[in-house]
Protein chains: 2
Amino acid sequence: MTDPKLWTSETVAADLERAVHEHRLPPGTKLGEDDLAEAYGISRTIVRAALLALSHRHLVELKRNRGAFVAQPSVREAREVFEARSLLEPRTARSAAERMTDEELDLLRANIRDEHAALDAGEYGRALFLSGQFHVEIARIADQTTVEAFISELISRSSLIIALYWRRRAALCETQAHHALLDAFASRNGALAEQLMKSHLLDLVASLDLRNVSQPPTSLREALNR
Amino acid sequence: MTDPKLWTSETVAADLERAVHEHRLPPGTKLGEDDLAEAYGISRTIVRAALLALSHRHLVELKRNRGAFVAQPSVREAREVFEARSLLEPRTARSAAERMTDEELDLLRANIRDEHAALDAGEYGRALFLSGQFHVEIARIADQTTVEAFISELISRSSLIIALYWRRRAALCETQAHHALLDAFASRNGALAEQLMKSHLLDLVASLDLRNVSQPPTSLREALNR
DNA sequence: GTTGCAGATATTGTATACAATTCTGTTCCG
DNA sequence: CGGAACAGAATTGTATACAATATCTGCAAC
């Protein structure tokens, strides 16, 4: 993290977002301004701008006079995030399938290959990140920058949701669904891609434990609105 | 603007967003940090945080070392915004119709009434703002906070798009569509509400002039990537 | 042993100082 | 008269100082 590189608020935010996405920074982690400033070798000014950006993406929660924490999405929020994804992603997958070039198809293939490699190497965080990038890449291929930005945010938030609510099951169901999507893309079958994405998202929520019991409030304080 | 009130970055951002939404701050307007700091009676620190927030909502464009400007969405971006809205809003209108209480119905009626009053008083900016709030309110009633946040951003961006690309026509087509939606809500007809919202959005884009000619690059500089 | 308070410590919130960059207007030369 | 070049002004970028607030520690009282 202490690269000789020149950090800006954008690069710091991206670096932190990736760390969150890869579960190196679990939900609830305190992100102290001084700590980060020292870690990156910059002043608190830049750190604050980065944290502000992440809070706007709902990846970080800012508590007045108490600091920044990696967000802990509620069960409610978890449902909403996947509800939003189900509105955006299936149609976007259809558009992508209809515009897909061979080069873009190769990019998606490479993504799945890298994810496999990461899994084999035991790098689960990296595999999770790549799995998310697959979805973002689809939005990019659909050539819808605006929708892509929304999906990108939702994907990152989904990573937090998975960290909190994932229940152990088969680990490879993910790549299976992505393989099926890839086939639909390869045959430029938009309707199929839309349907597969819809099912994929339903499978994802089904793999979560979103019962209302045992809400995350790690501390009693959280349970009582500070 | 020079209230004795206590301004925070959030309230300043909200105040600016409303000004943009009501077309009091047209696209391209320079938002100088010192000017704003003086206008609100605060330091540049707060102003910068507010501008950063607005830039994340794509309402303000930050140009390095040159300052903040009210965004000027391109034709491309305009299309994308309405594409995104068409993915989110019709389904959300359906959900809203199915959950609508009588009190919420009254809120929507009041909104339309206020919009009419604003139009009669010649307060076009306020009417435009209320017209947008109608859409946001629907998302709120659908009880989907996450989708609501996206729609809220898209509505504000739509206001910029209208400022740039609106072609004069019948002025009241807006309230007509909202009236029709209200009837669908009153009869809790989700399918109809979804269909009406879809048509409403199509009418909106149709009322814009999105031909690719004469793109906004006010200055030559803009045309050449700075 | 727990509770309550007080001072000390640490962390965030805001303002401001200074550096870096851009803009502007004038001068000088062709 | 037109344009390059420069100096000064204005504006933004970053760091830091200080204020406000929250947290922690220790001691005393019950």
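Structure shown above.
Residues numbered from 1 in each chain as written. Chains lettered and ligands numbered in written order. Predicted model: local features only at pLDDT ≥ 70, side-chain atom pairs only at ≥ 80, totals over all residues. Heavy atoms only, no water.

Enquirer: In this structure, what is going on with empty space enclosed by the protein? I would like to understand it.
Expert: It is a probe the size of a water molecule, rolled over the atoms, that shows where empty space is left. Residue and element names in this part refer to chain B. Considering all chains together, one arrives at one cavity of 30 Å³ or more under this definition. Counted as a void, the largest cavity has a volume near 120 Å³. As for the largest cavity, its lining consists of 13 residues, and the residues nearest its centre are Arg-85, Ser-131, Gly-132, Ser-158 and Ile-162. Elements supplying a minimum of two residues to the lining of the largest cavity: helix H6 (124–141), helix H7 (145–165) and helix H9 (190–206). Classifying every residue of the lining of the largest cavity by side-chain character gives four nonpolar, seven polar and two charged. (1 Å grid on protein atoms, 1.4 Å probe; cavity = no way out; pocket = protein on both sides within 12 Å on 5 of 7 lines; lining within 4 Å. Points joined across faces, edges and corners; volume = space filled by probe spheres on them. Helix = DSSP H or I, 4+ residues; strand = E, 2+ residues; numbered from the N terminus. Nonpolar A, V, L, I, M, F, W, Y, C, P; charged D, E, K, R; others polar.)

Enquirer: Where do I start with the relation of the copies chain A and chain B in this structure?
Expert: These two copies of the chain differ by a rotation about an axis and a displacement along the same axis. For the pair chain A and chain B, the superposition axis carries a translation of 0.0 Å, the fit reaches an RMSD of 0.0 Å, and the rotation angle comes to 180 degrees. Accordingly, the operation relating the two chain copies is best matched by a two-fold axis. The C-alpha atom lying nearest the rotation axis in chain A is that of Leu-87 of chain A; the distance is 3.1 Å. An overlap of 100% is found between the interface residues of chain A and their copies at the interface of chain B, pointing to a shared contact surface. (Least-squares fit on C-alpha atoms with pLDDT ≥ 70 in both. Contact = heavy atoms within 4.5 Å.)

Enquirer: When you look at the interface of chain A and chain B in this model, what are you seeing that I'm missing?
Expert: Note: interface size is frequently given as the accessible area lost on complex formation between the parts. Residue-level contacts link 22 residues of chain A with 22 residues of chain B. Together, the buried faces of chain A and chain B total about 2,000 Å²; carbon and sulfur atoms form 61% of this surface. At the junction of chain A and chain B, the tally comes to two salt bridges. Between Arg-76 of chain B and Asp-143 of chain A there is a salt bridge, with its nearest N and O atoms 3.1 Å apart. Linking chain A with chain B are seven residue pairs in polar contact (both at pLDDT 80 or more), by the criterion used here. Contributing elements (two or more residues each) for the side of chain A that touches chain B: helix H3 (44–56), helix H4 (75–99) and helix H7 (145–165) of chain A. Residue contributions to the side of chain A that touches chain B peak at nine residues, all from H4 of chain A. Classifying every residue of the side of chain A that touches chain B by side-chain character gives ten nonpolar, five polar and seven charged. (Buried area = accessible area lost by both parts, 1.4 Å probe. Salt bridge = Lys/Arg side-chain N within 4 Å of Asp/Glu carboxyl O. Polar contact = N/O pair within 3.5 Å; in protein donor to acceptor, adjacent residues only side chain to side chain.)

Enquirer: So what exactly am I meant to see when it comes to the sheet that holds strand S3 (residues 67–70) of chain B here?
Expert: Backbone hydrogen bonds hold the strands of a sheet together, and the pairing may be parallel or antiparallel. Residue and element names in this part refer to chain B. Read from one edge of the open sheet, three strands run S1-S3-S2, paired in antiparallel fashion. Since the sheet does not close on itself, it has two edges, and those belong to strand S1 (30–31) and strand S2 (60–63), each with one partner. As judged from the two bridges shared by S1 and S3, these two strands associate in the antiparallel manner. Across the sheet, the residue bridging to Leu-31 is Ala-68, located in S3. (Pairing = 2+ DSSP bridges.)

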